[in-house]
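Structural overview
Okay, here's what each chain looks like letter by letter:
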Amino acid sequence: MNLTLNTRRFSIGTTVKAYPLSNWNGLDYTGPAPKGASTAEAVVAADGSVEFSGLTSGTAYLAYAEVGEEHRYVAFRTALPHE
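A quick note: this is a predicted structure, and the numbers were derived from the prediction, not measured.

The helix and strand inventory of the protein stands at zero helices and six strands. Order of helices (α) and strands (β) in the protein, N terminus to C terminus: β-β-β-β-β-β. Computed over its C-alpha atoms, the radius of gyration of the protein comes to 12 Å, within 12% of the 12 Å expected for a compact globule of 83 residues. The C-alpha extent of the protein, read off along each of the three principal axes, is 45 × 30 × 15 Å. Each of the 83 residues in the protein was classed as buried or not, and the buried ones make up 39%. Here the contacts in the protein between residues at least 6 apart in sequence split such that 63% fall between residues at least 24 apart. By element, 50% of the accessible surface of the protein is carried by carbon and sulfur atoms, the whole surface being about 5,000 Å². Each charge sign in the protein was given a centre, from 6 positive and 8 negative side chains, and these centres are 4 Å apart.

Shown next, in the form of structure tokens:
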């Protein structure tokens with residue numbers, strides 16, 4: 001599924017990766033990227049949005065990028081499919 005994340009947490013032009021929440025180190029949101037491979041990645045558009053594709057419906061994710069020397073995260077969940 002595709003999902004557009006609208007946030008000002010990441011700078012325009014930054015590559016942001018989406019990781020399943022289960023990959024998070026569980027300590028805090030200031031450390032390095034979650035473990036394992038990301039599910040998707042996208043570049044922040046001029047309007048501040050990030051459009052991910054290939055995500056699984058009904059799943060919790062963390063969007064992650066290193067901006068300067070700061071690790072930044074945004075938690076989000078994809079919607080369940082309509083029946």
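On to the environment of Ile12. Relative to the helices and strands, Ile12 resides in the loop between strand E1 (3–6) and strand E2 (15–20). Look at Ile12 and you get exposed, because its relative accessible area is 58%. Here the alpha-carbon distance between Ile12 and Pro81, two residues 69 residues apart in the chain, equals 30 Å. Setting aside residues up to four positions removed in sequence, Ile12 forms contacts with Val44, Ala45 and Ala46.

Procedures and definitions
- Residues numbered from 1 in each chain as written.
- Predicted model: local features only at pLDDT ≥ 70, side-chain atom pairs only at ≥ 80, totals over all residues.
- Heavy atoms only, no water.
- Helix = DSSP H or I, 4+ residues; strand = E, 2+ residues; numbered from the N terminus.
- Rg over C-alpha atoms; globule rule 2.2 N^0.38 Å.
- Buried < 20%, exposed > 50% of the residue type's maximum accessible area, 1.4 Å probe, protein only.
- Contact = heavy atoms within 4.5 Å.
- Areas by Shrake-Rupley, 256 points an atom, 1.4 Å probe, with all protein chains shown as cover.
- Lys, Arg positive; Asp, Glu negative; His and termini not counted.
- Charge placed at Lys NZ, Arg CZ, Asp CG, Glu CD.

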